[in-house]
Amino acid sequence: MTNDKCVIENLRAHYQEIISNYVITAYATTSHCSICAGMVCLPPLSSLSTIKNIVRSFSDTCDLYPSIIKYCEEKDIAENKLYKKAHVSKTVFSKIRSMKDTGYKPSKSTILCLCLALELNNKETEEMLNIAGYSLSGDIIADKIVSYCISKRYYDVYDIENLILEKTGGVYLYS
């Protein structure tokens, strides 16, 4: 058995322990409020204009494509190789390329597949997810499995998806 396959077999063998005890470290940059005892505190959404401003600022700043290109260059992987390795269609990848202009928002699973294909670490994966307003959750078993595999430097999208299917009964990365 190759070292890579050992990660999956180890996860299978110690599934309950890992799911119960594995903690996803949040890498998001957030502000903390002293009034709320260190908890993240957001201003109240008092009006429709406040909500519109938040949506507008999200669409102005949410551009995943430059980060993808940066990692492609760092890891010397061509775009067409990336989306094939990630099992992301050319159409979806094209939408990501133009998302700043169109307002397209890729799914969390699509971003995770790209992160796995780029072989990003957990911190880099969280940063990519945060750009689109997502994060890995310690409450979602599939997120724990993905995060655990990343922490062990195991990036095979197909194997990880099959393990998630086996353990949860549902698809996650290909949804």
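Residues numbered from 1 in each chain as written. Predicted model: local features only at pLDDT ≥ 70, side-chain atom pairs only at ≥ 80, totals over all residues. Heavy atoms only, no water.

(A) Seen up close, the nonpolar core. By size, the foremost hydrophobic cluster in this structure holds 49 residues, and its most contacted members are Ile68, Leu82, Met128, Ile145, Ile160 and Leu173. For this core, the leading source of residues is helix H8 (residues 108-117), giving seven residues. With near-sequence residues (within four places) excluded, Ile160 lies in contact with Leu116, Ile145, Val146, Cys149, Tyr154, Tyr155 and Leu173. (Core = buried A, V, L, I, M, F, W, Y, C linked by side-chain atoms within 4.5 Å. Buried < 20%, exposed > 50% of the residue type's maximum accessible area, 1.4 Å probe, protein only. Helix = DSSP H or I, 4+ residues; strand = E, 2+ residues; numbered from the N terminus. Contact = heavy atoms within 4.5 Å.)

(B) Geometry of the side chain of Lys108. Checked against the element boundaries, Lys108 lands in helix H8. We classify Lys108 as buried; its relative accessible area is 15%.

(C) Up close: the packing of helix H10 (residues 141-151) against helix H11 (residues 157-168). H11 packs onto H10 with a crossing angle of 145° between their chain directions and a minimal axis gap of 10 Å. Helix-helix and strand crossings are classified by hand; for H10 and H11 the assignment is right-handed. Across from Ile141, Ala142, Ile145, Val146 and Cys149 in H10, the residues of H11 making contact are Ile160, Leu163, Ile164, Lys167 and Thr168. (Axes fitted to C-alpha atoms, helices over the stretch in contact; angles between N-to-C directions. Left-handed = near helix turned anticlockwise from the far one by under 90°.)

(D) Here's a closer look at the confidence of the model for the protein chain. Put simply, the protein chain has an average pLDDT of 83, and 77% of its residues get 70 or more. Helix H3 (residues 48-61) is the least confidently modelled element of the protein chain, averaging 52 in pLDDT, while H8 averages 97, the highest of any element. (pLDDT = per-residue confidence, 0-100.)

(E) H8, seen in detail. Taking burial as the measure, the 10 residues of H8 include 10 buried ones, the bulk of the element. As for H8, its buried residues are in contact with helix H4 (65-75), helix H5 (79-85), helix H6 (90-97), helix H9 (122-131), H10 and H11. Glu119 sits one or two residues past H8 and shows a positive phi near 55°.

(F) Layout of the packing of aromatic side chains. Taken as a whole and assessed by the stated rule, the structure comprises three aromatic pairs. When the ring of Tyr22 is compared with that of Tyr148, the centres are 5.6 Å apart and the planes differ by 85°; the resulting orientation is edge-to-face. Residue Tyr22 is found in the loop between helix H2 (15-21) and H3, and its partner Tyr148 is found in helix H10; the two are separated by 126 residues along the sequence. Pair check on accessibility: Tyr22 and Tyr148 agree, each one buried. Among the aromatic residues, those joined into a ring-pair cluster are Tyr65, Tyr83 and Phe93. Stacked on the ring of Tyr134, the Lys or Arg Lys105 has its end atom at 4.5 Å from the ring centre. Just above the ring of Tyr15 sits the side chain of Lys167; from NZ or CZ to the centre is 4.6 Å. (Phe/Tyr/Trp six-rings, centres within 6.5 Å; stacked < 30°, edge-to-face > 60°. Lys NZ or Arg CZ within 6 Å of the ring centre and 35° of its normal.)

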